[in-house]
Amino acid sequence: MPKINLRGVEKNYGANAANAVADLDLDIGDGEFMCLLGPSGCGKTTTLRMIAGLEHLTAGEIRVGARVVDSVTEGVFVPPEKRDMGLVFQSYALWPHLTIERNTDFGLRLRKMPKAEREARVDQVMKTLGIEKYRERYPSQLSGGQQQRVALARMLAVNPEVLLLDEPLSNLDAALRLEMRAELKRLHREFKTTIVFVTHDQWEAMTLATTIAVMSEGQLQQVGTPNDIYDRPANRFVAQFVGNPPINIVELGNGKSEVSRLARQYLGERYAELGDAGSIGIRPESLRLADAERGVAEGAFSGQAEVTGILPTGGSWIIELTAAGEKLFMTTHQSPEVEVGDAVTFWVKPKALHVFDAEGNRSEAADRLFRPVKVH
C-alpha cells in the first residue's frame, strides 16, 4: 500500500473567507490506520475530501506513493476515479433497488472483472464481514449496522489501495458502534489497507487508530500514537479535547483561586525553571485522596477540598471536588469511601502534571523535570 504525503496543503472557499485547512503537512504511512480527529468545522472532512479528489487544493501538493495526485504549482489533478481509493460516507449510499450481492459487486462490474473472479472476490469479502446470508436481501431489509457492513464490503471488494472513511459510524447506536469498531480493527489487520478515518469521537480515534492527527480551526495540532496524544498532549487544546472526563486545568497567570495559589507556590518552591508557566493540567485518573493508611506521596502537589458530588458511571466513579470555588474532577475504579460534604486532601504526583506555557503550548522544561528520559 502507498504512503500519502500532504505538503503545504490549503483549502479556501473564498477570497475573504478563513482557510478551512491551512498549511497542512501530514504523512500517512503504508498500511497505517490514521484518524483525523477534531470538533466540527476543524477541517478534517475537507482534508479527507482533498485526499479523495473531491475538493481541489487552494495551495500545496498531495502525493500517493511516488505519484503526484494534486499539485497547484505543477497544475496536476488526478480525478477521484483514478486515485484507486475507496470512500465510505456517513450516509451508506447503497443502491436501494439492488440486492446486497449486487451492491457489493457493483464496483467490480464497472471494472469488468471476469465473472468467476468477481464471484470469488465477493464471496470472500461478504464472508469476512458476516453478510453472506443477506446476499439476496435489499438494503431496506437490513439494520444500520448491516448496511454499514455492506458499504464497507463494496469498497473492500475492489481492493482499494487506500480506504477513506468519513464518520461512518455516527448513525449507529452505541452497541453497534462498539461492534463496528472491533470489525474495522479486525479488517485493518486482515487486509493491511491504508485507512484514513474522520471522526469527532475521541474514543473512536483512541480505540481504532495507529496514529491520530488532531485538528482545530484548519490547523494541525498534533500527530502521534493514541498514547502520545493522551499522555503528552502538545497543547491545551489537545489536552482538553482528548479525555473523558476532561482534563482539569488550573490557571496560574491569572488564577486567583486557592488551588492556583497552591500550584504557583508548589512550582515556585520546587521547580524554579517553571516560573513562567501559564497553567497546569491534571487528568482525573491521576488525582488521589489521602487516607489514614496512605497519606500524601512525597513530593506530590496537594491541597484541601470538599467532596461536592459523587457520580457512578458503572464500574467507575467520578468524584467532584471543590477547593475555594474551583472544581476538580477525579475518577476511581474502587467504590469511594467518602461522601458528599466530606473534607479531603487531594494529591497528584509531579510526573502526572501537564504544564503549559502562557500560549498554551506544552512545557518542554516540565517534561525534562517530571519525566526524565530513561537511559538503558
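Draft legend 1. Expanded view of the sheet that holds strand 15 (residues 301–312). If you walk across this open sheet you meet the five strands as 14-18-15-16-17, and the pairing is antiparallel. At either end of the open sheet lies a strand with only one pairing partner, and these are strand 14 (288–289) and strand 17 (326–332). Relative to strand 17, strand 16 (residues 317–323) is paired through seven bridges, and the arrangement is antiparallel. Paired with I318 across the two strands is T331, which belongs to strand 17. Across the sheet, helix 10 (residues 258–270) lies against strand 15, strand 16, strand 17 and strand 18 (343–348), angled at about 140 degrees from strand 15, the strand it touches most.

Draft legend 2. Spatial organisation of the nonpolar core. L129, I131, L152, L163, L165, F197 and I212 are the most contacted members of the largest nonpolar core, which totals 44 residues. No other element matches the seven residues that helix 5 (residues 144–157) contributes to this core. Setting aside residues no more than four positions away along its own chain, I212 makes contact with M34, C35, L37, A205, M206, Q222, V223, G224, P226 and I229. Among the nonpolar cores identified, the runner-up in size contains 32 residues, and L287, L321, V338 and F346 belong to it.

Draft legend 3. Focus on the state of the cysteines. Evaluated as defined, the whole model comprises zero disulfides. In this model C35 remains outside any disulfide bridge; the closest cysteine sulfur is found in C42, 12 Å from its own. In this structure C35 comes out as buried when scored by relative accessible area, which is 0%. Residue C42 is classed as buried on the basis of its relative accessible area, which comes to 1%.

Draft legend 4. How the structure looks around helix 5. Its 14 residues give helix 5 an end-to-end C-alpha distance of 20 Å, which sits within 8% of 20 Å, the value for a rise of 1.5 Å per residue. Where burial is concerned, most of helix 5 is hidden: 13 out of the 14 residues are buried. Where helix 5 terminates, the next one or two residues include N159, which has phi positive at roughly 50 degrees.

Draft legend 5. Layout of the environment of I100. Secondary-structure assignment places I100 in helix 2 (residues 100–104). Remark: the alpha-carbon pair of I100 and Y134, spanning 34 residues in sequence, is separated by 6.6 Å.

Draft legend 6. Just the packing of helix 5 against helix 6 (residues 174–191), in detail. Where helix 5 meets helix 6, the closest approach of the two axes is 11 Å, and the angle between their N-to-C directions is 20 degrees. Between helix 5 and helix 6, the crossing angle belongs to the class labelled roughly parallel. The handedness of the crossing between helix 5 and helix 6 is right-handed. Taken together, the residues of helix 6 that come into contact with helix 5 (itself represented by G145, Q148, R149, L152 and L156) are L176, E179, M180, E183, L184, L187 and F191.

Draft legend 7. A look at the packing of aromatic side chains. Scanning the entire structure with this criterion turns up seven aromatic pairs. When the ring of Y271 is compared with that of F370, the centres are 4.7 Å apart and the planes differ by 85 degrees; the resulting orientation is edge-to-face. Pair noted here: Y271 is in the loop between helix 10 and strand 13 (279–282) and F370 is in helix 11 (residues 364–370), with a separation of 99 residues, a long-range link. For the pair Y271 and F370, a shared accessibility class is recorded, and that class is buried. By way of ring pairs, the aromatic residues Y266, Y271, F301, F346 and F370 are connected into one cluster.

Draft legend 8. Fine view of the sheet that holds strand 10 (residues 211–216). Taken together, six strands build an open sheet; the order of strands is 7-8-9-3-10-11 and the sheet is mixed. Looking at strand neighbours, the two that pair on one side only are strand 7 (85–88) and strand 11 (219–224), the edges of this open sheet. Ignoring which end each strand starts from, the neighbouring axes of this sheet average 15 degrees apart. Direction of pairing for strand 10 relative to strand 11: antiparallel, over a ladder of five bridges. Bridge pairing in strand 11 places M215 opposite L220. Across the face of the sheet, helix 1 (residues 44–52) comes into contact with strand 3 (33–37), strand 7, strand 8 (162–166), strand 9 (194–199) and strand 10 while running at roughly 150 degrees to strand 8.

Draft legend 9. A look at a positive patch on the surface. The grouping of R288, R294, K349 and K351 at the surface amounts to a positive patch. Secondary-structure assignment places R294 in the loop between strand 14 and strand 15. R294 sits in the partly exposed class, given a relative accessible area of 47%.

What counts, and at which threshold
- Residues numbered from 1 in each chain as written.
- Predicted model: local features only at pLDDT ≥ 70, side-chain atom pairs only at ≥ 80, totals over all residues.
- Heavy atoms only, no water.
- Pairing = 2+ DSSP bridges.
- Helix = DSSP H or I, 4+ residues; strand = E, 2+ residues; numbered from the N terminus.
- Contact = heavy atoms within 4.5 Å.
- Axes fitted to C-alpha atoms, helices over the stretch in contact; angles between N-to-C directions.
- Core = buried A, V, L, I, M, F, W, Y, C linked by side-chain atoms within 4.5 Å.
- Buried < 20%, exposed > 50% of the residue type's maximum accessible area, 1.4 Å probe, protein only.
- Disulfide = S-S within 2.5 Å.
- Expected span 1.5 Å × (residues − 1).
- Parallel < 35°, antiparallel > 145°, perpendicular 65-115°, else oblique.
- Left-handed = near helix turned anticlockwise from the far one by under 90°.
- Phe/Tyr/Trp six-rings, centres within 6.5 Å; stacked < 30°, edge-to-face > 60°.
- Patch = residues over 30% accessible without salt bridge, like charges linked within 9 Å, V, L, I, M, F, W, Y side chains within 5 Å.
- Areas by Shrake-Rupley, 256 points an atom, 1.4 Å probe, with all protein chains shown as cover.
- Salt bridge = Lys/Arg side-chain N within 4 Å of Asp/Glu carboxyl O.
- Lys, Arg positive; Asp, Glu negative; His and termini not counted.
- Charge placed at Lys NZ, Arg CZ, Asp CG, Glu CD.

Worth remembering: the numbers are spatial, not functional.
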